[in-house]
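Fold and geometry: a report
Here is what each chain is made of, one letter per residue.
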Amino acid sequence: MNTIQKQLSGLLWVLFIVTVVNSGLFFKTHRDLQESYEEVMRVEKIISTLVDLQESFFEESKFQRHGSSSYKKLLNEVRQDIRRDFKDLKVLMKLKVSLDALDEIERQWSRAQQMNDPTQLLIYTRSLISNKQRILKPLGEKVQEFTKVTNVYMVIYLVIFALVVFTTTLYLKNRIFAPLNRLNERMRLFEAGEHTLDPVQARSDEIGVLERQFHQLADRVAHTVEDLKEIDRVKTDFISIVSHELRTPMTSVKGSLSLLLSGTVGKLDDDTRDLLEIAEKESDRLIRLINDILDLTKMEAKKMPLNKRWVSLFDSIKNATQGVAGLCDMLHVKVTVTDIPSSLEIYVDTDRIQQVLTNLLSNAIKFSPKGSSVEVFAEPTDSGAWIRISDKGPGIRAEDKSHLFQKFSSKDTPQSKVIRGTGLGLAISKAIVEQHGGRIEVESVPGSGSVFSFFIPDTRFIAITQATKEAA
Amino acid sequence: MKILLAEDDPSIQKIARLALERIGGHTVTVCDNGDEAFNLAKGARFDLIVLDGMMPVMDGLETCQALKSHPPTSTIPIVFLTAKGQQSDIQEGLRAGAAGYIVKPFDPAKLCQEIESILENQRLQVPA
């Protein structure tokens, strides 16, 4: 764990130490050079003092030969100065400068001192001047040597620095960015639906752990997706098997009953006909039930693709009313269509919306009192259109509203004995409307009827030409 | 009219045959699968062929395609009588060249009506 963090901080420490060591070396070198420079300046100063002294000595000697007190005094002062300066000059020794010449001068100086002889001092001064080059030359060499050493330090530092930077870059590329890019690519593939990923040789660092965790997660998701696909396959198979296996026997039952009732295979007495009619009515109901269950299963399994197109709302409602005309006649209920703009179009699967309209209309008709009328009207809004179907039936109690759109929640109607619903109509209608991106609602006051409404979001108004008016 | 009926379920075969004979007044030849239907259609002249969707050996769709691509039988109107009632199935059937598509469970009287109207259309088209 934390390998990358450790390795990266290791690299940064190396860089830090190299920088500190180099800074120290530079500092030391700089200080040495400074000292050398100061010593050189001091030697120069001594020499110029001696030259001055020599000149003043000659001036003095012209007027005051041996034993002048002022000369002696001056000479003593000069001696002290020079002694101090020689002491300082020895500092140069630590720079490992060859100072044989200085030793020689010092020896001569002490001899001149012992003799207290201005002539000897003169010789000494001359010797010092002639030795100037010999003293200063090693110093210059030393400075050159320092410069060389400094250059070497600089080169070494730059090489180490470049190496550390190169290693860090390589490290970042190979250990961080390459695995991150690989992970990124795998995530992209996974998102695109490539659920079977190649096995990965992940390292044991943080990104390796992340890679392995992603693969474990991806594996789990892939398994879940496989399971879901399997469930989906089973569901599809179930729908098609049920569809075929239930329809085939019902075809025989329904067909036989219809043929018997048509009288083409023989005359029937009244009781036999009554019984056969009951059987036929119930087999019709069973067929409706099978169709409804299959529809609902298909919608729930998202196996019912919508075949959407723009259609006139007015035409759809007209078709649905025509479909329930028989029921209206049977139950003596009227359907009136009001306030539907003929230019209003809806983007829907016509067959499915027809199914919703037929369901809602036949419910309204079945619950309506004899002689009353069911009203259908539309309310276009900015975001779509509401289609409302209102009846004057017994209404729905507030506590029944919540489970009205659930499966098999149908109530017995006054006409239950004539036509029995499957209890799935509203559940199917809700599923269809929701698949269109809309919603279905009911408003009702017990005793004064109900209004069932559904909302279709995709609507438009088209320009009505003379031709379309005539066609309408 | 001579009608060929291919249906593997004996009960449905009998009901459809009775309906076509007794209500429609047609002469009906029955067989159990698409392969037999194709061979029968090649050997004798039929005015219309009714095909079940799911049959052994050769299913309804394959039989329809075979009949439509065989010149002597290509003009015979074909009606599907099948439990496959999805919009996509119906479109597939009509694309294969079927003149009618009846979804099971069916009303025998409506089957006869449908066949009657298809034969009527055929009669109107033939002289033209």
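Up top is the structure.
Only a predicted model underlies this, so the values are computations on that prediction, with no experimental measurement involved.

In this section: the overall build of chain A. Counting its secondary structure elements, chain A contains 13 helices and 8 strands. Within chain A, the proportion of its 472 residues that are buried is 38%. Sequence separation of 24 or more characterises 75% of the internal contacts of chain A that already satisfy a separation of 6 or more. Of the roughly 27,900 Å² of accessible surface on chain A, 57% is carried by carbon and sulfur atoms.

We now examine the environment of Val333(A). Inspection of the secondary structure assignment puts Val333(A) in the loop between helix H9 (325-331) and strand E2 (334-338). Once the C-alpha coordinates of Val333(A) and Ile365(A) are considered, the two residues, 32 residues apart in sequence, prove to be 6.3 Å apart.

Moving on, we get to the sheet that holds E2(A). Residue and element names in this part refer to chain A. Strand order in the open sheet formed by 5 strands is E2-E4-E5-E7-E6, and the pairing between neighbours is mixed. Where the open sheet ends on each side, the last strands, each with one partner, are E2 and strand E6 (440-444). Shown here is a sheet whose adjacent strand axes are inclined to one another by a mean of 20°, direction ignored. As defined by bridge partners, strand E5 (residues 384-390) adjoins strand E7 (residues 450-456) across 6 bridges and the pair is classed as antiparallel. Residue pairing for E7: arginine 388 is matched across the bridge by serine 453. Contacts from helix H8 (residues 313-323) reach E2, strand E4 (373-381) and E5, with the element oriented near 175° to E2.

All names here are of chain B. Running from N to C, helix H2 (residues 34-43) and helix H3 (residues 60-69) point in directions that differ by 20°, and their axes come no closer than 9 Å. It follows from the interaxial angle that H2 and H3 lie roughly parallel. H2 and H3 meet at a crossing whose hand is right-handed. Here H2 contributes Gly34, Ala37, Phe38 and Ala41 to the contact with H3, which in turn contributes Thr63, Ala66 and Leu67. A class-by-class count of the residues in the contact of H2 with H3 yields 5 nonpolar, 2 polar and no charged.

Quick look at the sheet that holds strand E5 (residues 100-103) of chain B now. Across a sheet, strands are paired by hydrogen bonds formed along the backbone, either parallel or antiparallel in direction. All names here are of chain B. Pairing in this open sheet of 5 strands is parallel, and the strands run E2-E1-E3-E4-E5 from one edge to the other. This sheet does not close on itself; its edge strands, each paired only once, are strand E2 (27-31) and E5. Neighbouring strand axes in the sheet, compared pairwise and without regard to direction, differ in orientation by 20° on average. Sitting on the sheet, H3 is in contact with strand E3 (48-52) and strand E4 (78-82), with an inclination near 175° to E4. Sitting on the sheet, helix H4 (residues 87-95) is in contact with E4 and E5, with an inclination near 150° to E5.

Next up on the list: the pairing of E5(A). Residues and elements named next belong to chain A. Where burial is concerned, most of E5 is hidden: 7 out of the 7 residues are buried. Burial along E5 is two-sided: Gly384, Trp386, Arg388 and Ser390 and Ala385, Ile387 and Ile389, pointing in opposite directions, are all buried. Looking at chain direction, E4 and E5 are connected through 7 bridges and run antiparallel. For valine 376, the partnering residue across the bridge sits in E5 and is isoleucine 389. Here E4 folds back onto E5 in antiparallel fashion, the turn holding 2 residues.

Within this structure, the stated rule accounts for 7 aromatic pairs over all chains. Between Trp310(A) and Tyr347(A), the ring centres sit 5.1 Å apart and the planes meet at 40°, which makes this aromatic pair tilted. Residue Trp310(A) is found in strand E1 (residues 308-312), and its partner Tyr347(A) is found in strand E3 (residues 344-349); the two are separated by 37 residues along the sequence. Exposure remark for Trp310(A): the relative accessible area of 31% places this residue in the partly exposed category. On the basis of relative accessibility, which here comes to 30%, the residue Tyr347(A) falls in the partly exposed class. Positioned above the aromatic ring of Phe46(B) is the side chain of Lys2(B), whose terminal nitrogen or guanidinium carbon lies 5.4 Å from the ring centre.

All names here are of chain B. All of the buried residues in H2 are Gly34, Ala37, Phe38 and Ala41. Take H2 and look down its axis: the buried residues cluster within an arc of 100°, on one side only. Those residues of H2 that are buried lie in contact with strand E1 (2-6), E2, E3 and H3. Between a side-chain oxygen at the N-terminus of H2 and the backbone nitrogen of aspartate 35 the separation is 3.0 Å; the capping residue is asparagine 33.

Residue and element names in this part refer to chain B. Here E4 runs beside E5; their pairing, made up of 4 bridges, is parallel. Across the sheet, valine 79 pairs through a bridge with glycine 100, a residue of E5. In this view, the connection linking E4 to its parallel neighbour E5 by way of H4 has right-handed handedness.

Let us look at a negative patch on the surface. Taken together, the side chains of Asp269(A), Asp270(A), Asp271(A), Asp274(A) and Glu277(A) define an acidic patch exposed on the protein surface. Mapped onto the fold, Asp269(A) is located in the loop between helix H6 (206-262) and helix H7 (270-300).

Between chain B and chain A, the contact holds 19 residues from the first and 20 residues from the second. Taken together, both faces of the contact between chain B and chain A bury some 1,600 Å²; the carbon and sulfur share is 68%. Contact with chain A buries area across many residues of chain B, yet Ile15(B), Arg22(B) and Pro105(B) alone supply 32% of it, more than any other trio. On inspection of chain B and its partner chain A, the count reaches 0 salt bridges. Remark: the boundary between chain B and chain A carries 3 residue pairs in polar contact (both at pLDDT 80 or more). It is helix H1 (residues 10-23) of chain B that provides the largest number of residues to the side of chain B that touches chain A, a total of 7 residues.

Residue and element names in this part refer to chain A. Taken as a whole and judged by the stated rule, the model has 19 salt bridges over all chains. The partner of arginine 175 in a salt bridge is aspartate 205, and the shortest N-O contact between them spans 3.5 Å. With arginine 175 in helix H5 (residues 132-191) and aspartate 205 in the loop between H5 and H6, this pair connects stretches of sequence that are 30 residues apart. Classification of aspartate 205 as buried rests on a relative accessible area of 2%. With its nearest N and O atoms 2.8 Å apart, the salt bridge here joins arginine 460 to glutamate 345. Placement of the pair is arginine 460 in strand E8 (residues 459-461) and glutamate 345 in strand E3, with a sequence separation of 115 residues. Each of Lys254, Glu280 and Asp284 takes part in salt bridges that share partners, so that together they form one network.

Cut-offs and rules
Residues numbered from 1 in each chain as written. Chains lettered and ligands numbered in written order. Predicted model: local features only at pLDDT ≥ 70, side-chain atom pairs only at ≥ 80, totals over all residues. Heavy atoms only, no water. Helix = DSSP H or I, 4+ residues; strand = E, 2+ residues; numbered from the N terminus. Buried < 20%, exposed > 50% of the residue type's maximum accessible area, 1.4 Å probe, protein only. Contact = heavy atoms within 4.5 Å. Areas by Shrake-Rupley, 256 points an atom, 1.4 Å probe, with all protein chains shown as cover. Pairing = 2+ DSSP bridges. Axes fitted to C-alpha atoms, helices over the stretch in contact; angles between N-to-C directions. Parallel < 35°, antiparallel > 145°, perpendicular 65-115°, else oblique. Left-handed = near helix turned anticlockwise from the far one by under 90°. Nonpolar A, V, L, I, M, F, W, Y, C, P; charged D, E, K, R; others polar. Phe/Tyr/Trp six-rings, centres within 6.5 Å; stacked < 30°, edge-to-face > 60°. Lys NZ or Arg CZ within 6 Å of the ring centre and 35° of its normal. Arc of directions from axis to C-beta. Polar contact = N/O pair within 3.5 Å; in protein donor to acceptor, adjacent residues only side chain to side chain. Right-handed = clockwise from strand over helix to strand, strands pointing away. Patch = residues over 30% accessible without salt bridge, like charges linked within 9 Å, V, L, I, M, F, W, Y side chains within 5 Å. Salt bridge = Lys/Arg side-chain N within 4 Å of Asp/Glu carboxyl O. Lys, Arg positive; Asp, Glu negative; His and termini not counted. Charge placed at Lys NZ, Arg CZ, Asp CG, Glu CD. Buried area = accessible area lost by both parts, 1.4 Å probe.

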